[in-house]
Number of protein chains: 2
Amino acid sequence: MGVTKTQVFTDRQNRIADLAKALAHPARVAIIQHLLKVNSCVCGDLVEVLPLAQATVSQHLKELKQIGIIHGEINPPRVCYCINETVWQEAKAIFGDLFETSVAAACCN
Amino acid sequence: MGVTKTQVFTDRQNRIADLAKALAHPARVAIIQHLLKVNSCVCGDLVEVLPLAQATVSQHLKELKQIGIIHGEINPPRVCYCINETVWQEAKAIFGDLFETSVAAACCN
DNA sequence: AGTATCTATCGTATTATTGCAATGAATAAA
DNA sequence: TTTATTCATTGCAATAATACGATAGATACT
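Residues numbered from 1 in each chain as written. Chains lettered and ligands numbered in written order. Predicted model: local features only at pLDDT ≥ 70, side-chain atom pairs only at ≥ 80, totals over all residues. Heavy atoms only, no water.

- You'll find chain A entered in an unreviewed UniProt entry as ArsR family transcriptional regulator, with Dyadobacter psychrotolerans given as the organism.

## What to know about the overall build of chain A
So, point 1. If you tally the helices and strands in chain A, you get 5 helices and 2 strands.
So, point 2. In sequence order, the secondary structure elements of chain A are arranged as α-α-α-α-β-β-α.
So, point 3. For 109 residues, the compact-globule estimate of 2.2 N^0.38 gives 13 Å, and the C-alpha radius of gyration of chain A, at 17 Å, exceeds that figure by more than 25%.
So, point 4. When its C-alpha atoms are laid out on the principal axes, chain A stretches across 55 × 35 × 25 Å.
So, point 5. Burial statistics for chain A: of 109 residues in total, 45% are counted as buried.
So, point 6. Taking all contacts inside chain A whose residues are at least 6 apart in sequence as the whole, residues at least 24 apart take part in 52%.
So, point 7. With an accessible surface of roughly 5,900 Å², chain A has 50% of that area assigned to carbon and sulfur atoms.
So, point 8. Here chain A holds 10 positive side-chain charges and 10 negative ones, and the gap between their average locations is 5 Å. (Helix = DSSP H or I, 4+ residues; strand = E, 2+ residues; numbered from the N terminus. Rg over C-alpha atoms; globule rule 2.2 N^0.38 Å. Buried < 20%, exposed > 50% of the residue type's maximum accessible area, 1.4 Å probe, protein only. Contact = heavy atoms within 4.5 Å. Areas by Shrake-Rupley, 256 points an atom, 1.4 Å probe, with all protein chains shown as cover. Lys, Arg positive; Asp, Glu negative; His and termini not counted. Charge placed at Lys NZ, Arg CZ, Asp CG, Glu CD.)

## Observations regarding the interface of chain A and chain B
So, point 1. With 44 residues of chain A at the interface, the matching set in chain B holds 44 residues.
So, point 2. Interface area for chain A against chain B, summed over the two sides, is near 4,100 Å², with a carbon-plus-sulfur share of 73%.
So, point 3. Joining chain A to chain B, the criterion identifies 0 salt bridges.
So, point 4. Taken together, the elements giving at least two residues each to the side of chain A that touches chain B come down to helix H1 (11-22), helix H2 (26-37), strand E1 (70-75), strand E2 (78-83) and helix H5 (85-100) of chain A.
So, point 5. The dominant element in the side of chain A that touches chain B, judged by the number of residues it contributes, is H5(A), at 7 residues.
So, point 6. Looking at the side of chain A that touches chain B, its residues break down into 30 nonpolar, 9 polar and 5 charged. (Buried area = accessible area lost by both parts, 1.4 Å probe. Salt bridge = Lys/Arg side-chain N within 4 Å of Asp/Glu carboxyl O. Nonpolar A, V, L, I, M, F, W, Y, C, P; charged D, E, K, R; others polar.)

## Considering the pattern of salt bridges
Two side chains bearing opposite charge may form a pair once their charged atoms approach each other closely.
Residue and element names in this part refer to chain A.
So, point 1. One pass over the full model with this rule turns up 6 salt bridges over all chains.
So, point 2. In this structure, glutamate 63 engages arginine 28 in a salt bridge whose closest nitrogen and oxygen atoms are separated by 3.2 Å. Taken together, the residues glutamate 63 in helix H4 (residues 54-67) and arginine 28 in helix H2 connect sequence positions 35 residues apart.
So, point 3. Note on glutamate 63: relative accessible area 32%, which makes it partly exposed.

Laid out in structure tokens, this is it:
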């Protein structure tokens, strides 16, 4: 049909997929890396750092905000973005958990 | 334009995005989880485990294979899939590195 | 040869994503 | 009030992704 059948998977699988989706585009990776790097929250500086138009950056920020991994505080006329510590820890835990599983070197090697 | 401008980002950012894309769909998460769980390689059993049509599963497997995170060995008429240990460790390292960065509780909190 | 099994691929339909120009909304400064 | 600044949203176009039926290819079995 062309749409992800989210309802047939577990909540956890969908959550992993959503969190991974936050990192599944180089622009969003760059945004997150930058927010991690600068101590203070960056605002529209992101537009200057990224080689993308302002509208495009805004859209990526919207997605990240929706997933919950960042959060923006309005401070007119600027908006201050930063990593959401809680969700960041959630992502860290969820991926850490997944990658903790060592591969059983069973076959096809 | 509607296409990701990969060339304006670093190789590492693109690699992170690609590896994240492997996990950015619940079906692929389920596939990876299953391959991690069963010691021996699973083949078309995945089709029975997943609530998706055979063609769809095959397509997800193709993507995972392309990213490199799994690898399939033909053993006619079956194909034996398993996690690519090397790439799995690469992903573990790359995400571990990213999440190692602690969030500077600087602002907007 | 004919049949059955397993997997990949093709074709197609539908939805999602990416990107940007243009516009709008909100506030600060003049 | 007018202007400038900052960011979000809208509208549009193009490409990517998701899903599946149907078909093709490869091998094993009878």
